[in-house]
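Structural overview
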Amino acid sequence: MSDSPPPTLKVASWNINSVRIRMDSIERFVADEAPDILCLQETKVVDKDFPAGLFRSLGYSHQILHGMPMYHGVAILSKLPMREATRNDWQDNGEARHVGVLLDFGLRIENVYIPAGGDVPDRTVNPKFGQKLDFVERMTRWAEDLRQPTLIVGDFNIAPLECDVWSHKQLLDVVSHTPVEIEALTRFQASHDWVDLGRQFVPAPERLFTWWSYRSNDWTKNDRGRRLDHMWASPDVAKTAIAHKAHEPCRGWLRPSDHVPIVTEFNL
């Protein structure tokens, strides 16, 4: 195994909302984008039932899985050698919401699925909202001690900027865009000087969404999207990024996830 980085590296992140249901979409996406590393959230399957063989047939022979029955679950699938580095329980309840890997040339990739937080943005009446805030706080404490070049990706379930939602005014009291969540995520960003790669390539206030509710009969007409999925990098890693996009067409495919994949390419 070489400890030298490849000339380019393409990393994709996707809340797949049940990996076994979406394999047709995954095959189509991989054919379109050919990512070297694919980070999935909400796989909703125990490790022994994960479709590992199908991913191997697509070229992803290196697989790190952290699943659980029916809910949550994360996975990192790679064409490059990697080894598991971390598996943090930031939810503090045993749910499978994080896994981190180390590539041979020294890059860490952390794949995270932050809790949605329920419907009421008040931790006194909605414990799920408190759990979400505590999760981000534990992430922040972890990142303060981080010294390696790192890329953290996943479904953050927070849209931090006014332009990250279809209507800032109408969503200020809606979980995922409330001031308290944004403040928590801002502290996390400051803890490691994380660079938001999405907004590095699509500067605010340009439109950039990654999620549209299933409740909308025509997501393209209403376009009531939010940017819940993110890729943030250590400053030195961010300098090597050369392209980033949200793959919106996936939302219109047969039996889609409500999230679309995001892809960043690096010139290492």
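Before going into details, it helps to say that this report is about the structure given with it.

**A closer look at the overall build of the chain**
In terms of helices and strands, the chain carries eight helices and 14 strands. Here the chain has a C-alpha radius of gyration of 17 Å; the compact-globule value for 268 residues is 18 Å, and the two agree. Considered along the principal axes of its C-alpha atoms, the chain spans approximately 50 × 45 × 35 Å. Counting over 268 residues, the chain shows a buried share of 56%. Look at the contacts in the chain between residues 6 or more apart in sequence, and 67% of them connect residues 24 or more apart. Of the roughly 11,700 Å² of accessible surface on the chain, a fraction of 49% belongs to carbon and sulfur atoms. Taken as two groups, the 31 positive and 37 negative side-chain charges of the chain have centres that lie 4 Å from each other.

**Points about the sheet that holds strand S4 (residues 74-78)**
What the six strands build is an open sheet, ordered S3-S4-S2-S1-S14-S13; its pairing is mixed. Since the sheet does not close on itself, it has two edges, and those belong to strand S3 (62-66) and strand S13 (241-246), each with one partner. Sheet twist, expressed as the mean angle between neighbouring strand axes with direction ignored, is 10°. Bridging between S3 and S4 involves five bridges; their strand directions are antiparallel. Residue pairing for S4: Leu65 is matched across the bridge by Ala75. Contacts from helix H1 (residues 23-33) reach strand S1 (8-15), strand S2 (37-41), S13 and strand S14 (262-267) within the one sheet, and its direction differs from that of S1 by about 155°.

**Let's talk about the sheet that holds strand S7 (residues 108-113)**
Judged by pairing direction, the sheet is mixed, and its six strands sit side by side in the order S5-S6-S7-S8-S12-S9 without closing on themselves. Edge positions in the open sheet fall to strand S5 (82-86) and strand S9 (195-196), since each of these has one partner strand only. Direction of pairing for S9 relative to strand S12 (residues 229-233): antiparallel, over a ladder of two bridges. Counterpart to Asp196 in the pairing with S12 is Trp232. This element, helix H3 (residues 127-144), spans S7 and strand S8 (150-155) of the sheet and lies at about 170° to S7.

Conventions we followed
- Residues numbered from 1 in each chain as written.
- Predicted model: local features only at pLDDT ≥ 70, side-chain atom pairs only at ≥ 80, totals over all residues.
- Heavy atoms only, no water.
- Helix = DSSP H or I, 4+ residues; strand = E, 2+ residues; numbered from the N terminus.
- Rg over C-alpha atoms; globule rule 2.2 N^0.38 Å.
- Buried < 20%, exposed > 50% of the residue type's maximum accessible area, 1.4 Å probe, protein only.
- Contact = heavy atoms within 4.5 Å.
- Areas by Shrake-Rupley, 256 points an atom, 1.4 Å probe, with all protein chains shown as cover.
- Lys, Arg positive; Asp, Glu negative; His and termini not counted.
- Charge placed at Lys NZ, Arg CZ, Asp CG, Glu CD.
- Pairing = 2+ DSSP bridges.
- Axes fitted to C-alpha atoms, helices over the stretch in contact; angles between N-to-C directions.

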